[in-house]
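Here is what each chain is made of, one letter per residue.
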Amino acid sequence: MKKKVIILLLFLFLNVCVLAQASRESLSFFRISGTYTNCTTGSKETKKYNENGKLGYSIELGGKLFFERTKGWFFEGSVHYFWTHLPFNQPLYWGDSAGSGESHSSFLFGSDHVREVGFGTKGVLGYDIILKNSLSLEIFTGPVLHYTTNFGPASEEYKQKLNRFNYRWQLGLGVNYKRFNMNFTFSNDLKNRGKTDSYNLHYRYRTYSFALGIAYRFSLSGENK
């Protein structure tokens, strides 16, 4: 747990450094995104139990730093708050229960209304392509770290079986026009959400998300891009 906290703090520090930059190439931004989240499982037997996707949102504050004034390569870092409905209300594993030879299935939360609330940070590397004055296209990719502060409604028993740290990888495409940005991203879990339970079964549960975000870009120094 200490290593995970240290990694998260270092990532936050790096993103704050990017946010502190102030130049024509280095703009800060405030973004609101709507998300659509669905799930995958680690075995073919359980895929047919996947639930329909759920909606959520995130609020993000960050900065975009260009490596050179005349080149399109950039680093973008941010911190965000997220609130998401999760597709947890279907059986998510299927196997031998305690060696009894009988099939065993379970609802991960035992609830058809589950939400995940927490904070995250991301750092992506991208390239910005100028199309015309005040208009550019950008592509980017990079890791996303999430820490869930609350699963609910859910019993303490189920909360103990879930990993609060979540590692994801993101791919995205964005359009910049003057001070506004709109982007579309896809991200997916890099590790299972659940821990091993008492029957040596795993919650083979991962999610993937699509998000559409709108951002307002501004310079901390008051200069225009």
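Residues numbered from 1 in each chain as written. Predicted model: local features only at pLDDT ≥ 70, side-chain atom pairs only at ≥ 80, totals over all residues. Heavy atoms only, no water.

Draft legend 1. View of the side chain of T148. Locating T148 in the fold gives a position in strand β7 (residues 135–152). The exposure class of T148 is buried, given its relative accessible area of 0%. A polar atom in the side chain of T148 sits 2.9 Å from the side chain of E116. Setting aside chain neighbours within four positions, we find T148 in contact with F82, E116, V117, G118 and R164. (Helix = DSSP H or I, 4+ residues; strand = E, 2+ residues; numbered from the N terminus. Buried < 20%, exposed > 50% of the residue type's maximum accessible area, 1.4 Å probe, protein only. Polar contact = N/O pair within 3.5 Å; in protein donor to acceptor, adjacent residues only side chain to side chain. Contact = heavy atoms within 4.5 Å.)

Draft legend 2. Spotlight on unusual backbone geometry. Non-glycine residue S134 carries a positive phi angle of around 70°. With respect to the element layout, S134 can be found in the loop between β6 (115–132) and β7. For S134, a relative accessible area of 43% gives the class partly exposed. A positive phi is found at K178, a non-glycine position, where the angle reads about 55°. Here K178 is to be found in the loop between β8 (165–177) and β9 (180–189).

Draft legend 3. Highlighting the pairing of β9. Judged by which residues are buried, β9 turns out to be one-sided: N181, N183, T185, S187 and D189 face inward and are buried, whereas F180, M182, F184, F186 and N188, on the alternate face, are not. Where β8 meets β9, ten bridges bridge the pair, whose relative direction is antiparallel. Counted as the bridge partner of G174 is N183 from β9. The turn linking β8 back onto β9 is made up of two residues, and K178 within it adopts a positive phi angle of 55°. Sheet topology note: the β9/strand β10 (residues 205–218) ladder contains nine bridges and is antiparallel. Within β10, the position partnered with M182 by the bridge is I214. (Pairing = 2+ DSSP bridges.)

Draft legend 4. Inspection of the confidence of the model for the protein at higher detail. Looking at the protein as a whole, its pLDDT mean stands at 75, while 62% of the residues score no less than 70. When the elements of the protein are averaged for pLDDT, strand β4 (residues 91–96) gives the smallest value, 46, and β9 the largest, 96. Overall, residues 12–24 carries pLDDT values under 50, and its contacts beyond four positions in sequence, including any with other chains, amount to 31 contacts. Counting contacts from residues 89–98, a segment whose pLDDT is below 50, to residues more than four positions away or on other chains yields 45 contacts. (pLDDT = per-residue confidence, 0-100.)

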